[in-house]
Amino acid sequence: MADWTRVCALDDIDEEDVIRFDHDGRTFAVYRDLDGGVYCTDGLCTHEQVHLADGLVMDDTIECPKHNGRFNYKTGAPLRSPVCVALATYPARVVDGEVEVQL
Amino acid sequence: MTLADTDRHSRPRAARDYSLTGPQARAAIETGLASAEWYHSDIPRKAMKDLMRRKDGPALRDTALWIGLLILSALGGIATWGTWATVPFWAVYGVLYGSACDSRWHECGHGTAFRTSWMNDAVYVLASFMVMRNPTSWRWSHARHHTDTIIVGRDPEIALMRPPNLARKSLAFIGIPDVFEQFWILARNAAGRFSADERDYIPESERPKAIRWARVFVAIHLAAVAGALATGSLLPLMLIGGPRIYGCWHMVMTGLLQHGGLAENVLDHRLNSRSLHMNPVSRWIYWNMNYHVEHHMFPMVPYHALPRLHALIKHDLPPANSSLLDAYREMIPALIRQRHAPGHHIPKALPPTAQPFRAEFHALDGERQ
Ligand code: FES
């Protein structure tokens, strides 16, 4: 099992928002929902490789800033065209107020 | 904007090659113009989140007004049919159906008009029917238009190809021949056939859906024709399909200004898109798409927040044209010149407060004939 990697303090991510996290030559999107839950997906949209950290988080969805395609960021499922391919998701947790992801 | 797909097939021989499968398409990919990084004005994330926020309220109000006016004007037109008093009712109904459909199609296609998804989808399909566009194909076409805005060989929605055919564009104000060509595309899709360009931007998995919608749309239009023949009256066609001819002028008037006369093959929407101020009625019909540079830079921002977005970044944009007339005064001489000098375009100037253009991309337009 991969190690947990620290991302940031929980307070660094607004409620119902997303930030970009670059690690080991890869890029991710890390989300916080309204209940304080944290989630992690690949950073780039599966449609045209645009970073999702500039997108809009609404309920359980992330909307891509380029063509408004949507994913469920908790499951990675594509929800709205032109997105057709699911987003990879990674385990995420909060430990002592710090967000960690398992990549 | 409409009119583009069919225009590509009726170009004079010396025209630029706007097909999506020809040498210009390959050149765009080779020169890095396809799926490229575009310029964006800087906006703090907090402000951006506020601008992107979705609401149902404004679009519910506007849609209720739209549908309400459509019904009232149709009833007025029917009640006065056969008299001169009928004309103003159809003038209103025509624009609400044949022009306002375009902006509703556009905003609901982006999924930004309403917060609730099914509302976007329902209005999108209704508006697609009115504007005679295949709702599936055009989702993909419009995604490409946003990826590769006015990149020759990549963008399927370039309304004014160079050299521009001004006679043809003038006829577009009365839907000719556009409406027949759009219907022909629907009929072709209904038969399960797609052009090479359509195959370039519609994934295979989406084509069965496109075929189904095309069949539904064609069937309803044919029913209206059959109704007109059976009753010996034009009334069914005044209500369905006809407004795409007699009421599309406002859509064409505003749509041609979006990119007309401006640069091709650049990666900065400030060079290839036009923002302008407009009277409030036109802005309501057009759902604020007069802020077109802003929309292209940030397609996540709903139509009702575009005026706020404009106020926030106007220091970084070329000054908006002051009116429809002012914008046409800018565009028409450029189009006339492009008939003989297809490399010509209007050079948009930035205010001193703006981030400069990236010259390497600005230079490409005139070179790639
Ligand atoms: S790049 Fe994300 S929807 Fe197109």
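All of these numbers come straight from a predicted model, not from anything done at the bench.

The rules behind the values
- Residues numbered from 1 in each chain as written.
- Chains lettered and ligands numbered in written order.
- Predicted model: local features only at pLDDT ≥ 70, side-chain atom pairs only at ≥ 80, totals over all residues.
- Heavy atoms only, no water.
- Helix = DSSP H or I, 4+ residues; strand = E, 2+ residues; numbered from the N terminus.
- Contact = heavy atoms within 4.5 Å.
- Buried < 20%, exposed > 50% of the residue type's maximum accessible area, 1.4 Å probe, protein only.
- Core = buried A, V, L, I, M, F, W, Y, C linked by side-chain atoms within 4.5 Å.
- Pairing = 2+ DSSP bridges.
- Axes fitted to C-alpha atoms, helices over the stretch in contact; angles between N-to-C directions.
- Buried area = accessible area lost by both parts, 1.4 Å probe.
- Salt bridge = Lys/Arg side-chain N within 4 Å of Asp/Glu carboxyl O.
- Polar contact = N/O pair within 3.5 Å; in protein donor to acceptor, adjacent residues only side chain to side chain.
- Nonpolar A, V, L, I, M, F, W, Y, C, P; charged D, E, K, R; others polar.
- Patch = residues over 30% accessible without salt bridge, like charges linked within 9 Å, V, L, I, M, F, W, Y side chains within 5 Å.
- Areas by Shrake-Rupley, 256 points an atom, 1.4 Å probe, with all protein chains shown as cover.

A. Fine view of the side chain of S99 of chain B. Position of S99 of chain B among the secondary structure elements: in the loop between α5 (86–98) and α6 (100–110). Those residues in contact with S99 of chain B that lie beyond four places of it in its chain are G94, G247, C248, W249, H250, M251 and I285 of chain B.

B. Quick peek at the environment of E204 of chain B. All names here are of chain B. Counting through the fold element by element, E204 comes out in the loop between α11 (196–201) and α12 (207–231). Since its relative accessible area comes to 64%, E204 is described here as exposed. Between the C-alpha atom of E204 and that of T136, which follows or precedes it by 68 residues, the distance is 12 Å.

C. Layout of the nonpolar core. Counting residues in hydrophobic clusters, the biggest one holds 72 residues, and the most contacted among them are W66, F298, V301 and L309 of chain B. Here this core takes 7 residues from helix α7 (residues 117–131) of chain B, the largest share from any one element.

D. Molecular detail of the sheet that holds strand β6 (residues 61–63) of chain A. Residues and elements named next belong to chain A. Here 4 strands make up an open sheet; going across it, the order is β5-β6-β7-β8 and the pairing antiparallel. This sheet does not close on itself; its edge strands, each paired only once, are β5 (56–58) and β8 (78–80). When strand polarity is set aside, the average angle formed by the axes of neighbouring strands in this sheet is 30°. Bridge count between strand β7 (residues 70–72) and β8: 2 bridges; the pairing is antiparallel. In the sheet register, F71 faces β8, and the bridge partner there is P78.

E. How the structure looks around the interface of chain A and chain B. Across the boundary between the two partners, chain A contributes 24 residues, which contact 21 residues of chain B. Between chain A and chain B lies a buried interface of about 1,800 Å² when both sides are counted; carbon and sulfur atoms form 43% of it. Across the chain A-chain B interface, the total number found is 5 salt bridges. For D59 of chain A, the salt bridge identified is with R115 of chain B, shortest N-O distance 3.3 Å. Summed over the shared surface of chain A and chain B, the result is 15 residue pairs in polar contact (both at pLDDT 80 or more). Secondary-structure elements contributing two or more residues to the side of chain A that touches chain B are β2 (17–23) and β5 of chain A. The residue makeup of the side of chain A that touches chain B, split by class, is 8 nonpolar, 5 polar and 11 charged.

F. How the structure looks around a nonpolar patch on the surface. Residue and element names in this part refer to chain B. On the surface, L65, I67, L69, I71, L72, L75, I78 and L126 cluster together to form a nonpolar patch covering roughly 670 Å² of accessible area. Sorting elements by how many residues they give to the nonpolar patch places helix α4 (residues 57–79) first, with 7 residues. Classification of L65 by relative accessible area gives partly exposed; the value is 43%.

G. Focus on the pairing of strand β11 (residues 98–102) of chain A. Residues and elements named next belong to chain A. The buried fraction of β11 amounts to 4 of the 5 residues, a majority that puts the element mostly inside the structure. Examined bridge by bridge, strand β1 (residues 4–9) and β11 share 5 bridges and lie antiparallel to one another. Bridge assignment links C8 to a residue of β11, and that residue is V99. Where strand β10 (residues 92–95) meets β11, 4 bridges bridge the pair, whose relative direction is antiparallel. Bridge pairing in β11 links R93 to E100. Counting the residues in the hairpin turn of β10 and β11 gives 2 residues, including D96, whose phi is positive at 50°.

H. Fine view of helix α15 (residues 249–257) of chain B. In terms of burial, α15 of chain B is largely enclosed, as 8 of its 9 residues are buried. Among all positions in α15 of chain B, only H250, M251, V252, M253, T254, G255, L256 and L257 of chain B are buried.

I. Representation of the pattern of salt bridges within the structure. The final tally for this structure, using the stated rule, is 29 salt bridges over all chains. With its nearest N and O atoms 3.0 Å apart, the salt bridge here joins K74 of chain A to D60 of chain A. Note that K74 of chain A is positioned in the loop between β7 and β8 and D60 of chain A in the loop between β5 and β6, a separation of 14 residues in sequence. According to the relative accessible area criterion, K74 of chain A is partly exposed, its value standing at 28%. The partly exposed category is assigned to D60 of chain A, whose relative accessible area is 34%. We note a salt bridge from D316 of chain B to R270 of chain B, for which the minimum N-O separation is 3.4 Å. Here D316 of chain B is found in the loop between α19 (306–313) and α20 (324–338), whereas its partner R270 of chain B is found in helix α16 (residues 269–272), with 46 residues between them in sequence. Side by side, D316 of chain B and R270 of chain B carry an identical accessibility label, which is buried. Three or more residues joined by partner-sharing salt bridges are found here, namely D14 and D17 of chain A together with R45 and K49 of chain B.

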